[in-house]
Amino acid sequence: MADNILVMTNITKLYPGVRALDNVNLEVKSGEIHAIVGENGAGKSTLMNVLSGTIPFGEYDGTILYEGRKSHFKTVRDSEELGIVIIHQELALIPELTIGENMFLGNERKSRFGINWDETFSQAAKHMKRVGLKDSPMTLIKDIGTGKQQLVEIAKALSKNVKLLILDEPTSSLNAEDSKMLLDMLLDFKKQGMTSIIISHKLSEVAYVADKITVMRDGATIETIDNSDRSIDEDRIIRGMVGRELTDRYPSRERSVSDKIGLEVIDWCVNHPVYTEKRVVNHVSFNVHKGEIVGFSGLQGAGRTELARSIFGKSYGTSITGTLKVNGREVKLRTERDAIEAGIAYVTEDRKVNGLVLVDTVARNNTLARLEKVCHRGIIDVDMENSVGEEYKEKLRVKTPTIQQLVNNLSGGNQQKVLLSKWMFADPDVLLLDEPTRGIDVGAKYEIYTIMNDLVAQGKSVVMISSELPELLGMCDRIYVMNEGEMVAEMTAAEATQEKIMGAILKSDKKGAKDESKGA
Amino acid sequence: MKASAIVKKYTMTIALVVVFIFFAILTEGRLLYAQNISNLLLQNAYVLVMACGMLMCILTGGNVDLSVGATLCLVASIAAQLLSKTSLGAYATIAICMAAAAAIGAWQGFWIGHMHIPPFIATLAGMFLFRGLGRVLLSSKTVSIANKTFLDIFSSYITVPGIDKDVYWSALIVGVIVAIGLIILTIVNRAKKAKKGYEMKSAVSEFTQVFIIDILILAYTWQLAHYKGIPIMLCWVLLVVLLFAFITSKTAFGRYFYAVGGNEKATKLSGIDTRKVYFWGYCLMSILAGFSGLLVAARIGSVNGDTGLTYELDTIGACFIGGASAYGGSGTVSGIIVGAILLGVINQGMSIFGLDNNWQYVVKGAVLLIAVIFDVVSNHKTGKA
């Protein structure tokens, strides 16, 4: 067909022992937004790497027709020259350079003697305007937030005369507001004739923005759903992704909340570790009963992670004050070790940076937080450690050939399971789970939820910090709402709705604004 | 295991065998003389000992200790001066020297672990500091060591009256005992594992490995028996090497070094005091450097301001050739031992062959580069890097 900008036919890519792509076919019409969805490891990113030349021509089978011509991209630069630009999930910007410099990195505006700075910055400003960025092009990347950095990446793509824009999980690190803005921008670009491919786990966004949705599973394309009239709902997409009807996205559980309180935090204050004058958690009090899942909602920067980490043995912040009670007894925790011994576990939101030793094996990661449990007088019983590894691999259904596999080689969902098993092995009474399902697929999410339910059934207290409201509503017994370091609302699962939570945040924002104007 | 996997796993060991055969042929068999085999260890004792400590530093994230040559010199000069100027005697001198080494280690460990001074800079400073102090202590002179007890403790040979005459049979007897002991140990271990129902390696591969090691032990002790017997220095080196092999592979303390090098933030959040890990890494390194100072002083019989010059480079080289990751988090004592012996064989082979000293540097540099390139490329291909 003439109006197809891209036709990929029978793409097959083999890795040693794995068929990453198996006769994949994809057609993208000119001027549409095409979403690719699928579980982790379904082959979405591999497919895009084939398209962009990250996996060079010759290392895969099949043909790619781009604008009617066969393409043989050997490098990313080859594909960029023809207007295919890919924006990866992990942003590729250099923090110590300015927006303008980043935008033309490797593609510098040259004058006779070197770089033409006037042209660099004026052109940068022009492209930034198109994405609605009002900052100076001379601002350093490290001084702007993730949301704006994402916009810089898009502006950078525009500067390369992009015709086909590929976004890999563009909203995974953005809050709801920024995400919406980004998606609307894509719709705007579409009106100007640009074609986009978006890879996303967030199905509501896919349903909102995409004209066509291609579902991938186990390295193959399952189906392409037409969504030009925006009539597709999330359940329809999920059915394609997991190959079965997911009647319930959250496992049901018996209410197990006991009267006893597992964790109580009273009047907790934390200051920023670098800007020590800045309060990041301001007089926060809350409690979690045994056998209860308590959700923490809020926008990015609301202070939830900071709160959790400061509770976990002061691993974040300075000038921490307040009272902490575990199982009714007051405790003073000065280090992470103290916290673990008091029965608290903090499961980080960023498993790769703060959670796992990626270059080490599953078995060895599993025991790291409580190595003494497999030790006799400081000497590790490696056999015991391995049997612990096997036990948790079974229990949490970690998909790995052996427990001697490096964690690096596992998919995101399985890494998350290893992280959870590490902290379950530490045998805490209170688990602080920070974004426990970030960046993992629907199937793995369901399994993580099941694990959480098992934990509370055993009488443990679980705190769940999440930016996905449906997940909080589906899983929690009670929900606290934080905004700008303060606790602004508390509601039971029965009374909580998405509107109420967002309302609580917005109301507190307005109040804050009023206070400020009063102060002025 | 497939052939390719075996080659990959034992690359450096295979390289060592190839290099050894190469030099054996090149020197028309002189490399294999009993005296040369015996000296191979003595000349590289300091590398073997210090590489164990350097491995700990490298594990924490590719950090090295540049000051070990200088620390070695300072401790050796303390020993030389105490032995020649005072009447303290050998044992008190050794105790004072080891205490000094520990103090140097605590000093470095404090700045690096607790004050977060980058190791490269802290140890570069130490390199100047301790070398300078050593020279001041010696007043820029060469001080010789005559104390017989001291020399005997580190650089004599074990002889058993009655057995050892022309041939030092005691060495071979020890070799046979160790070889048999290894086989028994393997059998006992396997029986224990089988009883508890744990997974085991295949009997063929495990016993082949033990068998090869046994042959090497017998061949080595055979040669020792034909040249003065077992050097006491071998016992010291074995003690250190076995201790550190045990620490790194079997203890929680050792495990933390791998964890810190693999992901320091995650390790800290797992309740491990990463400052202590750095502290002990550098502290142990200096203690071993000090100990090497005693070995070197006893072997050479004198100390001067240039004692231990560039030893840090040999030590670091041995670690990287032996497969320690330049990014931290991986590396084993057995690997760095192979690396150290490989370097030693190259050194000695070239010396016996009569190659100019300057060319030896060129060859060593090339070997280091090739080893690391190989490591990076092979890891890259398997997607580990």
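The structure displayed is predicted, hence computed values, not measured ones. (Residues numbered from 1 in each chain as written. Chains lettered and ligands numbered in written order. Predicted model: local features only at pLDDT ≥ 70, side-chain atom pairs only at ≥ 80, totals over all residues.)

Participant: Break down the packing of helix α8 (residues 169-196) of chain B against helix α9 (residues 203-225) of chain B for me, with residues and values.
Facilitator: Two numbers describe a pair of packed helices, the interaxial angle and the distance between the axes. All names here are of chain B. As a packed pair, α8 and α9 sit with axes 7 Å apart at the nearest point and diverge in direction by 170°. In terms of orientation, α8 and α9 fall into the roughly antiparallel class. In contact with W169, A171, L172, V174, G175, V176, V178, A179, L182, I183 and T186 of α8, α9 contributes E206, F207, V210, I213, D214, I217, L218, Y220, T221, W222, L224 and A225. Residues belonging to the contact of α8 with α9 are distributed by class as follows: 18 nonpolar, three polar and two charged. (Axes fitted to C-alpha atoms, helices over the stretch in contact; angles between N-to-C directions. Helix = DSSP H or I, 4+ residues; strand = E, 2+ residues; numbered from the N terminus. Parallel < 35°, antiparallel > 145°, perpendicular 65-115°, else oblique. Contact = placed C-beta atoms within 7 Å. Nonpolar A, V, L, I, M, F, W, Y, C, P; charged D, E, K, R; others polar.)

Participant: Explain the sheet that holds strand β9 (residues 212-217) of chain A to me, and be specific about the residues and the numbers.
Facilitator: Residues and elements named next belong to chain A. Reading across the sheet, the six strands line up as β6-β7-β8-β3-β9-β10 and stay open at both edges, with mixed pairing between neighbours. Among the strands making up the open sheet, the edge pair consists of β6 (84-87) and β10 (220-226). Neighbour-to-neighbour, the strand axes of the sheet open up by a mean angle of 20°, direction not taken into account. As paired strands, strand β3 (residues 33-38) and β9 are joined by five bridges and run parallel to one another. Of the residues in β9, the one forming a bridge with I36 is T214. (Pairing = 2+ DSSP bridges.)

Participant: Residue-level account of the domain arrangement of chain B, with values.
Facilitator: Residues and elements named next belong to chain B. Along its sequence, chain B is organised into domain 1 (3-156 + 251-381) and domain 2 (160-228). Facing four residues of domain 1, the contacting portion of domain 2 comprises six residues. Of the residues belonging to the side of domain 1 that touches domain 2, the class tally is two nonpolar, two polar and no charged. (Domains from an automatic or database assignment.)

Participant: An account of the pairing of β10 of chain A is requested, with residue identities and associated values reported.
Facilitator: All names here are of chain A. Sheet topology places β9 next to β10; six bridges connect them, and they run antiparallel. Across the sheet, the residue bridging to V215 is E223, located in β10. Hairpin connection from β9 to β10: two residues lie between these consecutive antiparallel strands, with D218 at a positive phi of about 50°.

Participant: Provide a residue-level description of the interface of chain A and chain B, including the pertinent values.
Facilitator: Facing the 25 residues of chain A at the interface are 22 residues of chain B. Elements with a minimum of two residues in the side of chain A that touches chain B: α10 (336-341), α11 (351-355), β18 (379-380) and α13 (382-395) of chain A. Of the residues assigned to the side of chain A that touches chain B, the class counts are 14 nonpolar, six polar and five charged.

Participant: An account of the confidence of the model for chain B is requested, with residue identities and associated values reported.
Facilitator: Do not read the predicted coordinates in detail wherever pLDDT is low. Mean pLDDT over chain B works out to 90, with 97% of the residues at or above the 70 mark. Across residues 381-385 of chain B, confidence stays below pLDDT 50; counting only partners more than four residues off in sequence or on other chains, it has five contacts. (pLDDT = per-residue confidence, 0-100.)

Participant: An account of the confidence of the model for chain A is needed here, citing residue identities and associated values.
Facilitator: In this model, chain A carries an average pLDDT of 87, and 95% of its residues clear a pLDDT of 70 or more. Segment residues 516-520 of chain A is flagged for pLDDT under 50; beyond a separation of four residues in sequence, or across chains, it makes zero contacts in the model.

Participant: Quick one: what's the story with helix α15 (residues 442-457) of chain A, residue by residue and with numbers?
Facilitator: All names here are of chain A. Under the 1.5 Å per step criterion, the end-to-end length of α15 is 23 Å for 16 residues, consistent within 8% with the ideal 22 Å. Taken together, the buried positions of α15 are occupied by V442, A444, K445, E447, I448, Y449, I451, M452, L455 and V456. Directly beyond the C-terminal end of α15, a positive phi value near 90° is found at G459. (Expected span 1.5 Å × (residues − 1). Buried ≥ 20, exposed ≤ 12 C-beta atoms within 10 Å, placed from the backbone.)

Participant: Explain the environment of M464 of chain A residue by residue, including any values.
Facilitator: Residues and elements named next belong to chain A. Here M464 is to be found in strand β20 (residues 461-465). Judged by C-beta crowding, with 24 C-beta atoms within 10 Å, M464 ranks as buried. For the pair M464 and E435, spaced 29 residues apart in sequence, the C-alpha separation works out to 7.1 Å. When neighbours within four sequence positions are excluded, M464 is seen to be in contact with I293, G295, F296, L433, P436, L472, M475 and C476.

Participant: Lay out the sheet that holds strand β11 (residues 261-271) of chain A in plain terms, naming residues and giving numbers.
Facilitator: Residue and element names in this part refer to chain A. If you walk across this open sheet you meet the four strands as β12-β11-β14-β15, and the pairing is antiparallel. The open sheet is flanked by β12 (279-289) and β15 (329-330), the only strands paired with a single partner. Bridge count for β11 against β12 is seven bridges, and the pairing is antiparallel. Counterpart to W268 in the pairing with β12 is V284.

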